[in-house]
Amino acid sequence: MNGPDTADETSFYLDYELQVDATRDAVAKLAREVLQYEWADYLRASPPEGPHTWHALDSGKPWGRVTPTAWERGRDRGFDLHFEHYPTPRALQRGQFRLELHLEDGIHGDADFSGDSPYAALRERLVAAFDEARDEHDDLPAGEFGTGRTLWRVDSHFLAGDTVAYYEALREALSAHDAFVDAVAAVLDDELPERDPFERD
């Protein structure tokens, strides 16, 4: 038999669910209308620590790319190397930050990592360079190697719902990977072929 207590309890839970849904909707709107646009401006105003100059790309999307000028030689040869992050409603709601280092095809879109393709060869050299950097720098964030286009990924947490905390997580993660920036630049400068690998004879 349902008494007044049961009705009050049901009403309480319905109100609670409505509040939770409203909060989720507000955070999702904040991510789409603020976080996805402002992260790039924040990085320009407060760049990562270290000697490198950075370019922020793809603001206004559920992903963002950040690349140092030190990697331009690779981009000039069709190798799109960049850090990628994900300013999504889910990330903002949960306070979960992910940074990935990607190697992609800057000419055709999809990189081929099979056999002895130029991407497979460069990927192998970069992973070896990252291993060396990790041996030499014990202050690098704990992360893991990925597969295919994802060379490296690292996860961290920030204060859920706080856009500035997200921007700071991004800035700090980029600053902490300064040794990887140098490692990639060294591989690109020393080991890329003099001739464009995509140029036909």
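Further up the page is the structure itself.
Conventions and cut-offs
- Residues numbered from 1 in each chain as written.
- Predicted model: local features only at pLDDT ≥ 70, side-chain atom pairs only at ≥ 80, totals over all residues.
- Heavy atoms only, no water.
- Helix = DSSP H or I, 4+ residues; strand = E, 2+ residues; numbered from the N terminus.
- Contact = heavy atoms within 4.5 Å.
- Areas by Shrake-Rupley, 256 points an atom, 1.4 Å probe, with all protein chains shown as cover.
- Pairing = 2+ DSSP bridges.
- Axes fitted to C-alpha atoms, helices over the stretch in contact; angles between N-to-C directions.
- Phe/Tyr/Trp six-rings, centres within 6.5 Å; stacked < 30°, edge-to-face > 60°.
- Salt bridge = Lys/Arg side-chain N within 4 Å of Asp/Glu carboxyl O.
- Buried < 20%, exposed > 50% of the residue type's maximum accessible area, 1.4 Å probe, protein only.

## What to know about the overall build of the protein chain
A tally of helices and strands in the protein chain yields six helices and six strands. In sequence order, the protein chain lays out its α and β elements as α-β-β-α-β-α-β-α-β-β-α-α. Taking as baseline every contact in the protein chain between residues at least 6 positions apart, the subset at least 24 positions apart corresponds to 62%. Only carbon and sulfur atoms are counted for the fraction: they give 47% of the accessible area of the protein chain, which is about 11,400 Å².

## So, the sheet that holds strand β3 (residues 79–85)
The pairing of strands in a sheet happens through backbone hydrogen bonds and is either parallel or antiparallel. As summarised here, the arrangement of the six strands in space is β1-β2-β3-β4-β6-β5, forming an open sheet in which the pairing is antiparallel. Whereas interior strands pair on both sides, the edge strands pair on one side only; in this sheet they are β1 (54–57) and β5 (144–145). In the packing of helix α5 (residues 163–176) onto the sheet, contacts are made with β1, β2 (64–68), β3 and β4 (96–105), and the angle to β4 comes to roughly 50°.

## Topic: the packing of aromatic side chains
Counting across every chain of the model gives 10 aromatic pairs. On the numbers, 5.1 Å between centres and 35° between planes, the contact of Y42 with Y167 is tilted. With Y42 in helix α1 (residues 4–45) and Y167 in helix α5, this residue pair connects regions lying 125 residues apart in the sequence. The rings of F130, F145, W152 and F180 are connected pair by pair, giving a single aromatic cluster.

## Some details on the pattern of salt bridges
Enumeration over the complete set of coordinates arrives at 12 salt bridges. Linking R65 and D80 is a salt bridge whose minimum nitrogen-to-oxygen distance equals 3.3 Å. Here D80 lies in strand β3 and R65 lies in strand β2, a separation of 15 residues in the sequence. Each member of the pair, R65 as well as D80, is classed as buried. Two residues, R98 and E100, come together in a salt bridge whose shortest N-O distance is 3.6 Å. You can call R98 partly exposed: its relative accessible area is 30%.

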